[in-house]
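Chain and residue survey
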Amino acid sequence: MGRLDAEARMAIKVLSARGSRQSEIARLLRVTEGAVRYHARRMSAGAVDGRAQQRPKAEAFAAAIEYWRGQQDGEGVNLAALHDWLRREHGYDGSLRSVQRYWRRTFPAPAVRARRRVETPPGAQAQVDWAHFPAVIVGDEAVDLVALHMVLSWSRQEAIVWARSKDMLAWLSCHTACFVRLGGVPATLRVDNEKTAVARGAGAWGTINPSYRRYAGLMKFHVDACAPRQPQRKGKVERRVRDHRAAIDPCGRSFRDLAELQAWTDARVAARAAERRCPATGTTVAEAWAEERHLLTPLPETAPEPFDLIAARVVGRDGLVAFEGRQYSVPFRLVGESVEVRGIAGAVQVLKDCAVVACHPRGTARRLVIDQWHYDGPSSERVIAPPPLGRMGARIQELATLPVARRSIELYAALAEVAR
């Protein structure tokens, strides 16, 4: 028989006063009749549990416990740590339960801080978080995937985009895909303190990752980093992640590729939006989203390529900028001006006034990546064009594209022609 709590003992007292038989009370509480008789007899006699009057063994160490309490930072105490400290420093041989009973009797419970519930206006905020799904069957193999969740705080409309990793390229590309599915960009995004979002620190005092800050400027939203260890401050996306695991779980299914998984997820999200209710309006989430999407910032005509590294550089006199230990050419008319260099998937982009002015392959073995077309063209008012290559220089550049076996033969013939 398990120990009866105060509520069960009160039920015995009330039912007995109403004339219920002890066998009926035992069946209701799922205990034996002996237990009912025992507690009914004690309550009628006014007996008191003597264990409640016993002094806990930890009371003898009251001074030490008070000193340990004064050393804490006030955010909360770990009574298991206190128990270990008493045993180690003061030879305490009592149980942890004794320490817990003494603490509850001696020190009052801390005040409970109330939470303010806030509903943001439409178009003002979306919340973002990752969800991990191990061993999803994609292409006849089990792969570990992550899903980026973006939830509009007012309408509760969500977008889910799958990725194989959580690096910066996946972080930004999933953002763009979510914005496309939501039909626009909200004014602020409340994000977790991932390194792709917050480079150092956390919350309002953290330093936003430079690449993410630049992306936010291009897409026109403000980054609102969530306070650390405060999941309730992004509770809407936390709720949707929990719902994803229950109602849109891909485990137990197989998909040909990631595109098929994404299409299946989009269909499930649309079906759920037509069923769920929006707390702010009382309508379905789909209907509330139809009202909110007109207040979102429109997407740019050309979405920026996802980039994991960004830097500002001044173009040198030779028309080169340094990036990732290599030098890349840009149009000579930009000599002396500041440009933006981005590292995207497989390429390096150089931008001036948000327009791409040069693009080179990324991560090559070469340390000097030059496009001779960047040195051609007329002079500008500020920069004089470099001298042209000439016939020999142009021929050498043309030969550089030939296979090595032919290059030396053609080069020798070109030198002989120029010598004549």
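Residues numbered from 1 in each chain as written. Predicted model: local features only at pLDDT ≥ 70, side-chain atom pairs only at ≥ 80, totals over all residues. Heavy atoms only, no water.

Brief notes about the nonpolar core
If you look at the biggest cluster of nonpolar residues, it comprises 39 residues, and the most contacted ones within it are Trp171, Leu189, Tyr212 and Phe221. Those elements giving two or more residues to this core turn out to be strand E1 (125-138), strand E2 (141-152), strand E3 (158-163), helix H7 (168-182), strand E4 (188-191), helix H8 (210-219), strand E7 (222-225) and strand E9 (307-314). Looking at this core element by element, the count peaks at nine residues for H7. Contacts of Tyr212, omitting those with residues within four sequence positions, involve Met168, Trp171, Leu172, His175, Leu189, Val191, Thr196, Ala197, Phe221 and Val223. (Core = buried A, V, L, I, M, F, W, Y, C linked by side-chain atoms within 4.5 Å. Buried < 20%, exposed > 50% of the residue type's maximum accessible area, 1.4 Å probe, protein only. Helix = DSSP H or I, 4+ residues; strand = E, 2+ residues; numbered from the N terminus. Contact = heavy atoms within 4.5 Å.)

A closer look at the environment of Val185
With respect to the helices, strands and loops of the structure, Val185 is situated in the loop between H7 and E4. According to the relative accessible area criterion, Val185 is buried, its value standing at 0%. Between the C-alpha atom of Val185 and that of Thr297, which follows or precedes it by 112 residues, the distance is 4.8 Å. Dropping the residues within four chain positions of it, Val185 is found in contact with Phe179, Met219, Lys220, Phe221, Leu296, Thr297 and Leu299.

Describing the state of the cysteines
Within this structure, the stated rule accounts for zero disulfides. Cys178 takes part in no disulfide bond, and the closest cysteine sulfur to it belongs to Cys174, at a distance of 6.5 Å. (Disulfide = S-S within 2.5 Å.)

Quick word on the sheet that holds strand E14 (residues 355-361)
If you walk across this open sheet you meet the four strands as E9-E12-E13-E14, and the pairing is antiparallel. The outermost strands of the open sheet, each flanked by one partner alone, are E9 and E14. Direction aside, the axes of adjacent strands within the sheet are offset by 25° on average. Looking at chain direction, strand E12 (residues 338-344) and strand E13 (residues 347-352) are connected through five bridges and run antiparallel. Looking across to E13, one finds that Arg342 is bridged to Gln349. (Pairing = 2+ DSSP bridges. Axes fitted to C-alpha atoms, helices over the stretch in contact; angles between N-to-C directions.)

Remember, this is a structural readout, not a statement about activity or role.
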